[in-house]
Amino acid sequence: MSEKWQLHVAPGAANDPVFIGVGEIPTGKFPERGFIQQLSKVALLAIKDAGMVPRDIDTILLIPCLHGAADQADLVFSRMVEELGIHGSCKSSYMVHSGGSTSDNATRAAHGLIATGHAHNVLVLQSERWGSADLSEMITMLSKNGIPGEWELPTGIQFNAIGAMITRRYMHASGSTPAEMASVCVTLRNWANLNENAMYYTKPLTVEQILASRMVADPLHAYECPPMADGACAFVMTSTANAKKRGITNAVRVAGTGGCVSHYCLSQEADQAVLGWPVAAERAWEQSGWGPQDANFAEIYDSYAAVTTIAIEGLGICAKGEGARWFAEGHGNPGGKLPMNTNGGLLSAGHTGVGGGTALLVEGIRQLLHRAPDKRQIENCQRAIIGGSGGSYMDAQVLLLERTKLGA
Amino acid sequence: MTTPTIVSDFRAGLASGELLIQNCNDCGKPNMWPRYACPHCQSENLGWVKSAGVGTLHSFCVLRQGAPEGFEDDLPYAIGVVKLDEGVQLGVRLVPNAPGDWSQYNCDDRVEFVGKEPGRECATFTRKAG
């Protein structure tokens, strides 16, 4: 692969796409909250945060829900355009979908649309109702994502089994102990305890509690499995020129991205303790000119602890094999050397399906806009690593985001 | 819905105690899972070879709760990923050491094909003796 990964948009140029606003509602179990109600709420929060009104939005990119086909169809067929009252002026509304990495790919889509002039102001929307859905239906539905029905479904595989196999291989390859794996979940909980929107905002968690919880899928304990939640979030992107016209002085830009789709189903992954992260990272570093030492914090997909430890090793945030011990030493904690998943992540803010990755991205943007609540705002942060993964960890996606001052 | 031939052929193999690997009749390379066109040379001229049924256990888990619909009565059960010596990989069930106990298994163990469980259209493997 000789062709260089180069972004064809200059930092600060008129067409350089920037994030200017985010919206989010609490994640958890909210059976009284409707699907479309959640979407309307976060859309309006994000539009307001961007200093806009709904009529300013010309393009909506929808992040799918997984809880039901009818609600998903409402997204695909532009319901939100009517709900926001922009029918007749909105140029296009459509879905982007790659499971848990959708928000990374939606960012790339919005970035390309804005840089080339296909869109001016893009609203990206996500809503999920996993917390209120029927659990057995969800388990069966999730036994079909990233799992070939004719070949692998007959084994009885489902999402916790996939997470458990990755965890076991990672522990085998790295020599990490159960306590070291559990420390990842504790770091995430420490952050969730600073996030009023997190499902486990008020509940602390210890390594001892995790190791004492029941075994769900060896080697995963119950408290190491992601809690299914209701939730929604949104963000707005525009061009640097549009942002300046609106008097916006600080925004967040994309310094580079990298990705690697390493398999479709887990059985075909060459090394479950590596996945696509080293390739994705190399491409992202090449495109941005950054290295892992250049970021102030990271927001990396964490549906299971090993998913994140494998990612930080592939990204070079720590030495190979040291990911779990890096967490055990407290480096990802509030006050640590690289704050990690500062909203509490999927494991402690709540797993909202495809939205878990979106929530991490929204938190990264919020931190870089310096709009996080004081208790968890990373002081004067300038650069972030965002990492996502979808399906049976089929891909590794990296977004490198930086705060940018918009000149006069 | 009619089952595609590559699926029914593979399952017929399992039913007769054979683990079949798809093999490209043009480039000679093995493919698993079986494909509709060879991912190596794009040929649609594909056949089968019988696997020696021996490989290395890349990883595995023991599912103790939360089985998909239709698998509830199997709990607990172990699922693994095997790298066959022929150079292809597949997802399998693992035979317990004792009822409900897979504690003797480790990643990178040598494992061998033993057949299939009744009603389950997937290969079952066990730890290789010695």
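Structure first, text after, so check above.
Residues numbered from 1 in each chain as written. Chains lettered and ligands numbered in written order. Predicted model: local features only at pLDDT ≥ 70, side-chain atom pairs only at ≥ 80, totals over all residues. Heavy atoms only, no water.

1. Regarding the packing of aromatic side chains
Threshold: Stacked, edge-to-face and tilted labels apply to pairs of Phe, Tyr and Trp rings (six-membered ring for Trp) whose centres lie within 6.5 Å, assigned for plane angles under 30 degrees, over 60, and everything in between, in that order. Labels follow the DSSP assignment, with helices taken as runs of H or I lasting at least four residues and strands as runs of E lasting at least two, numbered in each case from the N terminus.
As enumerated under the stated definition, the model contains nine aromatic pairs over all chains in all. Plain terms: the ring middles of Trp 151 of chain A and Phe 10 of chain B are 5.4 Å apart, the flat faces sit at 85 degrees to each other, and that makes the pair edge-to-face. Placement of Trp 151 of chain A in the loop between helix 5 (135-142) and helix 6 (159-174) and of Phe 10 of chain B in helix 1 (residues 5-15) is noted, with the two residues assigned to different chains. With centroids separated by 5.9 Å and ring planes inclined at 50 degrees, the aromatic side chains of Phe 60 of chain B and Tyr 105 of chain B adopt a geometry described as tilted. Here Tyr 105 of chain B lies in the loop between strand 6 (89-94) and strand 7 (110-115) and Phe 60 of chain B lies in strand 4 (residues 54-63), a separation of 45 residues in the sequence. Put simply, the rings of Trp 151 of chain A together with Phe 10, Trp 33 and Trp 48 of chain B touch in pairs and so form one group of aromatic residues.

2. Here we look at the nonpolar core
In plain terms, the rule: Only buried Ala, Val, Leu, Ile, Met, Phe, Trp, Tyr and Cys residues count toward a nonpolar core, and they belong to the same one when joined by side-chain atoms within 4.5 Å. For every residue, the accessible area (1.4 Å probe, protein chains only) is compared with the maximum for its type, and the residue is labelled buried under 20%, exposed over 50%, or partly exposed between those bounds.
Of all hydrophobic cores here, the largest spans 106 residues; its most connected members are Phe 235, Trp 277, Ile 300, Leu 315, Ile 385 and Leu 401 of chain A. For this core, the element with the most residues is helix 6 of chain A, which contributes eight residues.

3. Remarks on the environment of Ala 359 of chain A
Residue and element names in this part refer to chain A. Here is the rule we go by: Whether two residues are in contact is decided by their heavy atoms: any pair within 4.5 Å suffices.
Within the element layout of this structure, Ala 359 appears in helix 14 (residues 355-368). As for Ala 359 and Cys 233, which are separated by 126 residues in sequence, their C-alpha atoms are 6.4 Å apart. Every residue in contact with Ala 359, bar those within four places of it in the chain, is listed here: Glu 24, Cys 233 and Asn 343.

4. Regarding the sheet that holds strand 3 (residues 92-95) of chain A
Residue and element names in this part refer to chain A. To be explicit about the condition: Criterion used throughout: strands pair if DSSP finds at least two bridges between them. To define axes, lines are fitted to C-alpha atoms, for helices over the stretch in contact only, and angles between the resulting N-to-C directions are given on a 0 to 180 degree scale.
Sheet architecture is open: nine strands sit in the order 3-2-4-7-1-8-11-10-9, paired in mixed fashion. The open sheet has two edge strands with one neighbour each: strand 3 and strand 9 (297-300). Averaged over all pairs of adjacent strands, the angle between strand axes in this sheet comes to 25 degrees, irrespective of strand direction. In this structure, strand 4 (residues 122-129) lies alongside strand 7 (residues 230-239), joined through eight bridges in antiparallel fashion. By the bridge assignment for strand 7, Leu 123 is matched with Val 236. Each of strand 1 (17-24), strand 2 (59-63), strand 3, strand 4, strand 7, strand 8 (250-261), strand 10 (383-388) and strand 11 (395-405) is contacted by helix 4 (residues 102-116), which is oriented at about 165 degrees to strand 2, the strand it contacts most.

5. Notes on the interface of chain B and chain A
Frequently, the measure chosen for interface size is the accessible area removed from exposure when the parts meet. Let me state the cut-off plainly: Accessible area that two parts lose when put together, evaluated with a 1.4 Å probe and summed over both, is termed the buried area. A pairing counts as a salt bridge when a side-chain nitrogen of Lys or Arg comes within 4 Å of a carboxyl oxygen of Asp or Glu. Two N or O atoms count as a polar contact when they lie within 3.5 Å, although within protein this holds only if one can serve as hydrogen donor and the other as acceptor, and sequence-adjacent residues are included solely when both atoms are side-chain atoms. Polar here means any residue other than Ala, Val, Leu, Ile, Met, Phe, Trp, Tyr, Cys and Pro, which are nonpolar, and Asp, Glu, Lys and Arg, which are charged; Gly is therefore polar.
Each partner contributes residues to the interface: chain B has 37 residues there, and chain A has 32 residues. Of the roughly 2900 Å² buried between chain B and chain A, counting both surfaces, carbon and sulfur atoms make up 57%. For the pair chain B and chain A, the interface holds two salt bridges. Between Asp 108 of chain B and Arg 169 of chain A there is a salt bridge; the shortest N-O distance is 2.8 Å. Our count for the contact surface shared by chain B and chain A stands at 21 residue pairs in polar contact (both at pLDDT 80 or more). Of all the secondary-structure elements, those providing two or more residues to the side of chain B that touches chain A are helix 1, strand 4, strand 5 (77-84) and strand 6 of chain B. Counting residues per element, the side of chain B that touches chain A draws most heavily on strand 4 of chain B, which supplies seven residues. Within the side of chain B that touches chain A, the residues separate by chemical class into 21 nonpolar, seven polar and nine charged. With two bridges connecting them, strand 5 (residues 215-218) of chain A and strand 4 of chain B associate as antiparallel partners. Each bridged residue has a counterpart across the sheet, and for Ala 217 of chain A the counterpart in strand 4 of chain B is Leu 63 of chain B.

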